[in-house]
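A look at the structure
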Amino acid sequence: LVVQEKSGPAAVRNLWKMPTGLTDPGEDIADAAVRELKEETGLECVFDRIVCFRQSHGGLFNRSDMFFVCLLKLGPVHMAQLEQGKEVPLAPQEEEIKEAAWVEKEAYANQELWIDSPLYKEMNRAMFLAAENSISDTIADTADTSLLASTSKRVGGFVGKKLPVGFRPGTNTIYSNL
């Protein structure tokens, strides 16, 4: 699933990219990923895991930046549509997104900007492996639609668990590949 933005650096290059966005203050990564996908494509989904992340330095306001790639799965309504042989409709966000589409992974990875980038080659490799493993997981257990999925059948990636802090009120989410 990819989008083309109406403005910004990706739009100038006519680049197909994964839906992305920023976390809101106090928002967990998993919740932000689900929200951003819904905003940009209209799809209801559930968080599965963090596939990988990259860190860069010297960004906006000379700050470091962390970019998380998350694996999301279609929510129950869309899964039912697929099981009935129906198409899952995409609804691009009018303000930001020019187009949303399902494309073959090779077409995505072979875009001019990605093809000579060691960073994006590695990121794409991680995404493809996660998607392939996820398809195997789905075939093995189609009933798993929990927000923060169990790790019992997962290969790779970081799965989130929201847990009490213990020594003070509140919860934190820990992401682990174990």
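Conventions adopted
Residues numbered from 1 in each chain as written. Predicted model: local features only at pLDDT ≥ 70, side-chain atom pairs only at ≥ 80, totals over all residues. Heavy atoms only, no water. Salt bridge = Lys/Arg side-chain N within 4 Å of Asp/Glu carboxyl O. Helix = DSSP H or I, 4+ residues; strand = E, 2+ residues; numbered from the N terminus. Buried < 20%, exposed > 50% of the residue type's maximum accessible area, 1.4 Å probe, protein only. Core = buried A, V, L, I, M, F, W, Y, C linked by side-chain atoms within 4.5 Å. Contact = heavy atoms within 4.5 Å. Phe/Tyr/Trp six-rings, centres within 6.5 Å; stacked < 30°, edge-to-face > 60°. Pairing = 2+ DSSP bridges.

A word on the pattern of salt bridges. Pairs can form between side chains of opposite charge once their charged atoms are near each other. This model, assessed by the stated rule, comprises 12 salt bridges. When the shortest N-O distance is used, the salt bridge between R35 and E39 registers 3.1 Å. Here R35 pairs with E39, and both are found in helix α2 (residues 29–41), just 4 residues apart, close to one helical turn. R35 gets classed as buried once you look at its relative accessible area, which sits at 19%. A residue is classified by how much of its surface remains accessible, and E39, at 32% relative accessible area, is partly exposed. The residue R49 makes a salt bridge to D48 at a minimum N-O spacing of 2.6 Å. Residues R49 and D48 agree in their burial class; the two are buried.

In this structure, M18, V51, C52, V69, Y108, M123 and M127 are the most contacted members of the largest nonpolar core, which totals 14 residues. Looking at this core element by element, the count peaks at 4 residues for helix α6 (residues 118–140). Beyond its immediate stretch of four places on either side in the chain, Y108 contacts V2, W16, K17, M18, V103, W114, N124 and M127. Core analysis: the second largest hydrophobic core is formed by 5 residues, L37, C45, L74 and V88 among them.

To continue, consider the packing of aromatic side chains. In this structure the tally under the stated criterion is 4 aromatic pairs. Look at Y108 and W114: their rings are 5.9 Å apart centre to centre, the planes differ by 50°, and that puts the pair in the tilted class. Here W114 falls in the buried class, since its relative accessible area comes to 6%. A network of ring pairs unites the aromatic residues F53, F68 and F158 as a single cluster.

Let us now look at the pairing of strand β5 (residues 159–164). The pairing of β5 with strand β6 (residues 171–176) spans 6 bridges and is classified as antiparallel. Note on β6: the bridge partner recorded for G160 is Y175. Here β5 folds back onto β6 in antiparallel fashion, the turn holding 6 residues, of which G166 has a positive phi close to 100°.

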